[in-house]
Amino acid sequence: MTSKQHDNDRRKQISIRGIAPVENVATIKKSFNRHLHYTLVKDRNVATPRDYYFSLAYTVRDHLVSRWIRTQQYYYEIDPKRVYYLSLEFYMGRTLSNTMVNLGIQSSCDEAMYQLGLDIEELEEIEQDAGLGNGGLGRLAACFLDSMATLGLAAYGYGIRYDYGIFAQKIENGWQVEEPDDWLRFGNPWEKARPEYCLPVNFFGRTENVNGKDKWVDTQVLFAMPYDTPIPGYGNNTVNTLRLWSCKAPNSFHLHFFNNGEYINAVCERNYAENISRVLYPNDNMFEGKELRLKQEYFLVAASLQDLIRRFKSSSFGQANPARTSFDTFPDKVAIQLNDTHPSLAIPEMMRILVDIENVTWERAWEITTKTCAYTNHTVLPEALERWPVNLLGHVLPRHLAILYEINSRFLKEVAKKWPGDNDRLARMSLVEEGPEKKINMANVSIIGSKAVNGVAAIHSDIIKKSTFKDFYEMFPKKFQNKTNGITPRRWLLLCNPGLADIIAEKIGESWVTNLTELRKLTPASKEEAFLRNFMKVKQENKMKLAQYIQTNYHVKINPASMYDMQVKRIHEYKRQLLNCLHIIVMYNRLKKNPQAQFVPRTVMIGGKAAPGYHTAKMIIKLINNVGKVVNNDPIIGDRLKVVFLENYRVSLAEKIIPAADLSQQISLAGTEASGTGNMKFMLNGALTIGTLDGANVEMMEEMGRENIFIFGMTVEQVEELWRKGYNPKSFYEKDVELKQALDQLNSGYFSPEEPGLFCELYNGLLNNDRFALCADFRSYVDCQQEVSELFKDPMKWAVKASLNVASSGKFSSDRTINEYAKEIWGVEPSNIKLPNPADKGSAKED
């Protein structure tokens, strides 16, 4: 980067990030060199770029430490109600840039690196993504942590420190190949190990009645070792904690091997036991009843509950307050949020701790548990809802199975009292599902064991009340709520799109960073030509930057003047990437048929990972790549149509592509997507959306107006009517010439000449079992895409609608979502207190 380019880039960010004070720059340079010498034991002669990244990371972390300690001291002193967010996934991405932005030191760090002859962007690129999640559910958890810290909530994330995160995706000959994501290979400068807080976690064994009380005995004991990551709020000096657990075998593990001289066996057995935190399961919409997954879920809740109970008892008021010993004030001081059913074993585990260990009566324990826990549902897909086989649960967690049976017995008596003689309802509401293999329905456990149950978009919350959990809604109508998802504007605008953030700040000020509804003040600017031209200039710069990245990394030259048409999310049939691919084929066929026809140039980018065992999803990836190969190499097509599969889609790649998008595809069948958050990120960054009335698309349309979004396809009610009448996809295929041609090309091997029958199963699947109604929505979708092209011909009209999308994004801040959780579920109030920025005042009482 030249000096001039660097100065221009920095000037772009001045309005929000400020001009770097000279003394701050000097301090950062001094700290950077100190870490290079004394922490990494290197000098400039032998240091690598990775060493420079670590030196910068440690320098930035130094700015966190005193704030982190002071925050925990403050919580200990005032003893607020604490919120615990339990999630099996936290898709954090990179930490360096986000931390600098939230602490307000990005300009100083940038200038310091420049003076040292280093490029801060190159250093940022070295950081490994913390890919401890599959997609939306884990990324939502990460956004929530940012908002909880920014709102000053005494909140903690609890998860698992997987040695290997979501796999790295490679594309070889068009096929997805999975490689391990060894994200900890070079170390993690952001975490702090806390071996002094290791906690025991039990498995297996049996239940035994001792003096009239059931006890869990003869267990295998493992240990959960915590690693803490600081979570800084934006501009308020609050730093919360994400605590991730790593599994460790006890030193005495199978000591008899040592006594027999079998040292190697003993060590190998220890390693096997520690597999619990080895790898993230790469599935979040397909339940697999695997023993390792069950162990992971219990490992998380067992360690987390012990830890939060310890904190409850040891707070500044705890030791002098007898109620802390009797748990009378527990629900007043503790809120536990279950992020989907993955941590739902927290409910029987809480009962076990209270009844077996703390000697609380069953009735009182159940009252405490149900007043403390709350459950977020993330899906209505039947295959995604967890149902654990009774035999497996009884083998791994025998005491918990007994507790679940007791909960079920008491609950069904209440159901029978309310609806006497309704055996069908009893069967539907039972925690135990009868059948060839008995199973425990964990969604049912979560509902009856929680004070609140929420969906994540208005339409989704409506569906779970009317359909998925209808019986439970009729029994507990006050439990059910909606909490529409949100995204953090810090990462998804301020950090990833500084050019847009700058022109917004020039127009309306900076308060939108923590109050996104302020973006409504941009609405009048959609009529100002000067603002729109600046808006379009920022978008074009982002597109040019992405074109360069794609040429470097994917060796595809794309036209920056073309429409950037993007669909990035996990590859799953319900997300309908296949429908997108059929549209690409239609556009290709039209161009081949009439090369001279007027055509709005498009670059279609699709990215996402398929679960390794999900055959159809992997076939869809292969099809997209094969279609891209044909389209991209056809001289008749030229640069009017390009297809790029974005390999290894992840948070840090999303930060590059979302600011450059013109069109965002959110095309799931109505009634299948719970919410979506990618749709919100694109909207906030000035992309227009083509989508169905599904998930949060509905609320996005309400905010921006129907005229500023491209809606196609059936509504939920029309989908239900289609199934009622009996859906025949072949009738749509036979009536629609373009659909028939595209599907026949799949069947004939047009896009797989080396293996003509390769895509026959996709063809047969659509015509014989089109579960997500692609054929039914096809014509509406293709016609709507034509409307998109027509609008794109008029850049100024497009810019008006795109700017109104940004102006309408305020509702979709995770700050708003967390505010609603705090007030309506957790019973806590966000704090506007800005903590002082102290020097380290000495050791703090651990919190």
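Conventions we followed
- Residues numbered from 1 in each chain as written.
- Predicted model: local features only at pLDDT ≥ 70, side-chain atom pairs only at ≥ 80, totals over all residues.
- Heavy atoms only, no water.
- UniProt positions renumbered as here; feature names shortened; annotations may be inferred.
- Helix = DSSP H or I, 4+ residues; strand = E, 2+ residues; numbered from the N terminus.
- Buried < 20%, exposed > 50% of the residue type's maximum accessible area, 1.4 Å probe, protein only.
- Contact = heavy atoms within 4.5 Å.
- pLDDT = per-residue confidence, 0-100.
- Pairing = 2+ DSSP bridges.
- Axes fitted to C-alpha atoms, helices over the stretch in contact; angles between N-to-C directions.
- Disulfide = S-S within 2.5 Å.
- Right-handed = clockwise from strand over helix to strand, strands pointing away.
- Salt bridge = Lys/Arg side-chain N within 4 Å of Asp/Glu carboxyl O.
- Parallel < 35°, antiparallel > 145°, perpendicular 65-115°, else oblique.
- Nonpolar A, V, L, I, M, F, W, Y, C, P; charged D, E, K, R; others polar.
- Phe/Tyr/Trp six-rings, centres within 6.5 Å; stacked < 30°, edge-to-face > 60°.

The protein is annotated in an unreviewed UniProt entry as Alpha-1,4 glucan phosphorylase from Biomphalaria pfeifferi. Turning to the protein, the UniProt record has this under Cofactor (unreviewed entry): "pyridoxal 5'-phosphate".

A. Up close: the overall build of the protein. Along its length, the protein carries 36 helices and 25 strands. Projected onto its principal axes, the C-alpha coordinates of the protein cover approximately 90 × 75 × 60 Å. Put simply, the protein has 847 residues, and 62% of those count as buried. Across the protein, the fraction of contacts at a sequence separation of at least 24, relative to all contacts at a separation of at least 6, is 77%.

B. Here's a closer look at unusual backbone geometry. Even without being a glycine, Asn-173 presents a positive backbone phi close to 55 degrees. Using a relative accessible area of 61% as the deciding quantity, one classes Asn-173 as exposed. Unusually for a residue other than glycine, Phe-204 sits at a positive phi of about 65 degrees. Relative to the helices and strands, Phe-204 resides in the loop between β8 (199-203) and β9 (206-210).

C. Summary view of the confidence of the model for the protein. Of all residues in the protein, 94% attain a pLDDT of 70 or more, and the chain-wide mean is 93. Confidence drops under pLDDT 50 across residues 1-8; counting only partners more than four residues distant or on other chains, this segment forms nine contacts. Note that residues 839-846 has pLDDT below 50 and, in this model, 14 contacts with residues that lie over four places away or in other chains.

D. Up close: the sheet that holds strand β24 (residues 688-691). Strand order in the open sheet formed by six strands is β22-β21-β20-β23-β24-β25, with parallel pairing between adjacent strands. Two strands lie at the open edges of the sheet, namely β22 (641-646) and β25 (710-711), each paired on one side alone. In this sheet, β25 lies alongside β24 in parallel orientation, the contact comprising two bridges. Residue pairing in the sheet places Ile-690 in a bridge with Phe-710 of β25. On top of the sheet, helix α25 (residues 577-593) reaches β20 (563-568), β21 (602-607), β22 and β23 (663-666); it is set at about 155 degrees to β21, its chief contact.

E. Inspection of helix α20 (residues 458-468) at higher detail. Buried residues of α20: Ile-459, His-460, Ser-461, Ile-463 and Ile-464, and no others. In this structure, the buried side of α20 is in contact with β18 (452-455), α21 (470-475), β19 (480-482), α29 (697-704) and α30 (716-725).

F. Seen up close, the state of the cysteines. One pass over the full model with this rule turns up zero disulfides. The closest cysteine sulfur to the non-disulfide-bonded Cys-109 is located on Cys-496, 19 Å from its own sulfur. Taking relative accessible area as the criterion, Cys-109 reaches 1% and is therefore assigned buried. In this model Cys-581 remains outside any disulfide bridge; the closest cysteine sulfur is found in Cys-775, 14 Å from its own. The exposure class of Cys-581 is buried, given its relative accessible area of 1%.

G. Examining the pairing of β24 more closely. Burial of β24 is two-sided: the residues Leu-688 and Ile-690 facing one way and the residues Thr-689 and Gly-691 facing the other way are all buried. Of the strand pairs in this sheet, β23 and β24 are connected by four bridges, and their pairing is parallel. Within β24, the position partnered with Ser-664 by the bridge is Thr-689. Handedness of the crossover joining β23 and β24 through helix α28 (residues 678-684): right-handed. The handedness of the β24 to β25 crossover, carried by α29, is right-handed.

H. Spatial organisation of the pattern of salt bridges. One pass over the structure, following the stated rule, counts 61 salt bridges. Of the charged contacts in the structure, one is a salt bridge between Arg-425 and Asp-471, with a shortest N-O distance of 3.3 Å. Linking Arg-425 in helix α18 (residues 423-429) with Asp-471 in helix α21, this pair joins segments that are 46 residues apart in sequence. Each member of the pair, Arg-425 as well as Asp-471, is classed as buried. Residues participating in the shared-partner salt-bridge network are Arg-194, Asp-228, Arg-243, Asp-307, Arg-310 and Arg-311.

I. Spatial organisation of the pairing of β23. Across the two faces of β23 the burial is the same, with Leu-663 and Gln-665 and Ser-664 and Gln-666 all buried. Where β20 meets β23, two bridges bridge the pair, whose relative direction is parallel. Pairing of Asp-565 across the sheet is with Leu-663, part of β23.

J. Up close: the packing of helix α15 (residues 362-372) against helix α17 (residues 398-418). Where α15 meets α17, the axes come as close as 13 Å, and the angle between the chain directions of the two elements is 90 degrees. In terms of orientation, α15 and α17 fall into the roughly perpendicular class. Packed against α15, whose contacting residues are Trp-362, Glu-363 and Trp-366, the element α17 presents Ile-403, Glu-406, Ile-407 and Arg-410 at the interface. Tallied by class, residues from the contact of α15 with α17 come to four nonpolar, no polar and three charged.

K. The arrangement of the UniProt feature "modified residue: N6-(pyridoxal phosphate)lysine" (unreviewed entry) in the protein in detail. Those residues carrying the UniProt feature "modified residue: N6-(pyridoxal phosphate)lysine" (unreviewed entry) are Lys-681 in this numbering. Looking at the secondary structure, you find Lys-681 in helix α28.

L. Just the packing of aromatic side chains, in detail. Inspection of the entire model under this criterion finds 31 aromatic pairs. Considering the side-chain rings of Phe-312 and Phe-330, the 5.0 Å spacing of their centres and the 80 degrees angle between planes classify their relative orientation as edge-to-face. Here the residue Phe-312 occupies a position in helix α11 (residues 291-314), and Phe-330 occupies one in helix α13 (residues 330-333), the gap between them amounting to 18 residues. Exposure class is identical for Phe-312 and Phe-330. Each is buried. With a centroid separation of 6.4 Å and 65 degrees between ring planes, the pair formed by Tyr-549 and Tyr-554 is classed as edge-to-face.

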